[in-house]
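Here's the letter readout for the chains.
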Amino acid sequence: MLRRQQRKRRDYLYEKHAEGAERVQLEKKRRVRDALEEGKPIPTELCRLIDLDDQDRASTSRLSTPRNVIDDEYANAALAEPKILLTTSRNPSQPLTQFAKELKVVFSNAQRMNRGGQVISEIVESCRAHNITDLILAHEHRGQPDGLIVSHLPNGPTAYFGLLNVVTRHDIKDRKAIGKMSEAYPHLILDNFTTKAGERTANILKYLFPMPKPDSKQIITLANRDDYISFRHHVCEKHGGPKSIDLKEVGPRFELRLYKIRLGTVEQNEAKDEYTLRPYMNTAKKQKTLGA
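Residues numbered from 1 in each chain as written. Predicted model: local features only at pLDDT ≥ 70, side-chain atom pairs only at ≥ 80, totals over all residues. Heavy atoms only, no water.

Q: Just to check I follow, could you spell out the overall build of the protein for this structure?
A: Within the protein, the secondary structure is distributed over 7 helices and 11 strands. A burial count over the protein gives 43% of its 292 residues as buried. A fraction of 65% describes how many contacts in the protein between residues 6 or more apart in sequence connect residues 24 or more apart. Accessible surface, the protein as shown: approximately 17,400 Å² in total, 52% of it carbon and sulfur. (Helix = DSSP H or I, 4+ residues; strand = E, 2+ residues; numbered from the N terminus. Buried < 20%, exposed > 50% of the residue type's maximum accessible area, 1.4 Å probe, protein only. Contact = heavy atoms within 4.5 Å. Areas by Shrake-Rupley, 256 points an atom, 1.4 Å probe, with all protein chains shown as cover.)

Below, the structure written as structure tokens:
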């Protein structure tokens, strides 16, 4: 089992490297084509690319639409419903346990597992053996949930989020006003994920939810504002007929702050980082990473 997984990992990394090299080559050919069309001198380092075959390929649509390297892991994600395993850090406090229980209802196709003494590598191997598509780990600091790790299986990627302003249903005193949480598949609203990193983050999050039925009343909103992703969970109600729509928040609510995307699963510390948040290195005050 271990050797087969290592072989699959090597094949996957080789494919990613080959596709990345192809994208670089296509970008060079695009520069040559643009220089020829505009009548500009061709850069010296690109002169070797000029031959009859390259000129024929430059006019094809394959040059303008290369294969998408980033989201190949999710190419077949929509063909089957996701299977999620949800767990926490070791010795979770009561607030973290309550938060994990509510996340289990939000991801209605998830299974919640008590971590116990299991290490991450054992959990990941068990997930692969049972065809789990995503592993979610919730972390805490001094009794408050402060981190969420979403690892796509079997090959990644893994997204590391910080949790802020967490308000669970357990924290709301008037529970009768918010009603019960339904486990129906929700409709998704994704707002302001316009950059490449934003599209990548949106794909990581949206493929955690299966396709809902048209008459589902559950709505989950993921809205990006200044690189902080607001998570809201509502129920759509029609008390006054089809033209009268009321939204009732059922919780939980929190903000997500992306700080790393790793091209591998959560236990693969040697995997490369695709994205890392460096707030003290980005000197532009209004620089937005995930969206405008």
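Q: Is there a simple way to explain the environment of Pro252 in this structure?
A: Considering the arrangement of structural elements, one finds Pro252 in the loop between strand 9 (246-249) and strand 10 (253-262). Once residues lying within four places of it in the same chain are set aside, the contact partners of Pro252 are Glu102, Val106, Val167, Thr168, Arg169, Met181, Phe231 and His233.

Q: Help me understand the confidence of the model for the protein in this model?
A: A residue-level look at the protein finds 83% of positions with pLDDT of 70 or above and a mean pLDDT of 82. Long-range and interchain partners of residues 52-56, a stretch whose pLDDT sits below 50, account for 3 contacts in this model, where long-range means more than four residues apart. Segment residues 58-65: pLDDT under 50, and 11 contacts once partners within four positions in sequence are set aside and those in other chains are kept. (pLDDT = per-residue confidence, 0-100.)

Q: Help me out: how do you make sense of the pattern of salt bridges in this one?
A: Where charged atoms of side chains with opposite charge meet at close range, the side chains can pair. Scanning all chains against the criterion turns up 9 salt bridges. Glu267 is the salt-bridge partner of Arg128, the closest N and O atoms lying 3.6 Å from each other. Separated by 139 residues along the polypeptide, Arg128 in helix 5 (residues 120-129) and Glu267 in the loop between strand 10 and strand 11 (273-276) bring together distant segments of the chain. Among the charged side chains, a salt-bridge network with shared partners connects Glu73, Arg200 and Glu274. (Salt bridge = Lys/Arg side-chain N within 4 Å of Asp/Glu carboxyl O.)

Q: Looking at this structure, I do not really get empty space enclosed by the protein. What am I missing?
A: Scanning the entire structure with this criterion turns up 2 cavities of 30 Å³ or more. In terms of lining, the largest cavity is formed by Leu103, Phe107, Ile136, Leu148, Val150, Leu205, Leu208, Phe209, Leu222, Phe231, Phe254 and Leu256. Within the residue set of the lining of the largest cavity, elements represented by two or more residues are strand 4 (144-152) and strand 10. In terms of residue class, the lining of the largest cavity is built from 12 nonpolar, no polar and no charged. Here the second largest cavity defines a volume of roughly 30 Å³. Here the lining of the second largest cavity is composed, by residue class, of 4 nonpolar, 1 polar and 2 charged. (1 Å grid on protein atoms, 1.4 Å probe; cavity = no way out; pocket = protein on both sides within 12 Å on 5 of 7 lines; lining within 4 Å. Points joined across faces, edges and corners; volume = space filled by probe spheres on them. Nonpolar A, V, L, I, M, F, W, Y, C, P; charged D, E, K, R; others polar.)

Q: Help me out: how do you make sense of the nonpolar core in this one?
A: Counting 36 residues, the largest nonpolar core has Phe107, Ile136, Leu148, Phe161, Ile229 and Phe254 as the members making the most contacts within it. Judged by nonpolar contacts, the second largest core, of 11 residues, contains Leu85, Ile123, Ile149 and Val266. (Core = buried A, V, L, I, M, F, W, Y, C linked by side-chain atoms within 4.5 Å.)

Q: Can you walk me through the side chain of Ser89 in this structure?
A: Locating Ser89 in the fold gives a position in the loop between strand 1 (84-88) and helix 4 (94-106). The exposure class assigned to Ser89 is buried, which follows from its relative accessible area of 13%. Other than its neighbours up to four places away in sequence, Ser89 contacts Leu96, Arg115, Ala138, His139 and Glu140.

Q: Would you mind going over the packing of aromatic side chains with me for this structure?
A: Geometry of an aromatic ring pair is reported as the spacing of the ring centres plus the angle between the planes. All chains considered together, the criterion is met by 5 aromatic pairs. Considering the side-chain rings of Phe107 and Phe209, the 5.0 Å spacing of their centres and the 35 degrees angle between planes classify their relative orientation as tilted. Separated by 102 residues along the polypeptide, Phe107 in the loop between helix 4 and strand 2 (110-112) and Phe209 in the loop between helix 7 (196-206) and strand 7 (218-225) bring together distant segments of the chain. For the pair formed by Phe107 and Phe209, the shared burial category is buried. Between Tyr160 and Tyr259, the ring centres sit 6.2 Å apart and the planes meet at 45 degrees, which makes this aromatic pair tilted. Highlighted residues: Tyr160 in strand 5 (residues 158-167) and Tyr259 in strand 10, separated in sequence by 99 residues. With a relative accessible area of 10%, Tyr160 lands in the buried category. Three or more aromatic residues link up through ring pairs in this structure, and these residues are Phe99, Phe231 and Phe254. In this structure, Arg257 is placed above the aromatic ring of Tyr228, and the distance from its NZ or CZ to the ring centre is 4.6 Å. Across the ring face of Tyr160, the terminal group of Lys260 is positioned such that the distance to the ring centre comes to 5.5 Å. (Phe/Tyr/Trp six-rings, centres within 6.5 Å; stacked < 30°, edge-to-face > 60°. Lys NZ or Arg CZ within 6 Å of the ring centre and 35° of its normal.)

Q: I would appreciate a short explanation of unusual backbone geometry in the present structure.
A: Residues apart from glycine generally show negative phi values, whereas peptide bonds are mostly found in trans. Note the cis peptide between Gly156 and Pro157, where omega equals 5 degrees. Here Pro157 lies in the loop between strand 4 and strand 5. Cis peptide bonds are those with omega within 30 degrees of zero, and the linkage from Gly251 to Pro252 qualifies with -5 degrees. At Asn192, a residue that is not glycine, the phi angle is positive and equals roughly 65 degrees. For Asn192, the position within the fold is in the loop between strand 6 (187-191) and helix 7. The exposure class of Asn192 is buried, given its relative accessible area of 17%.

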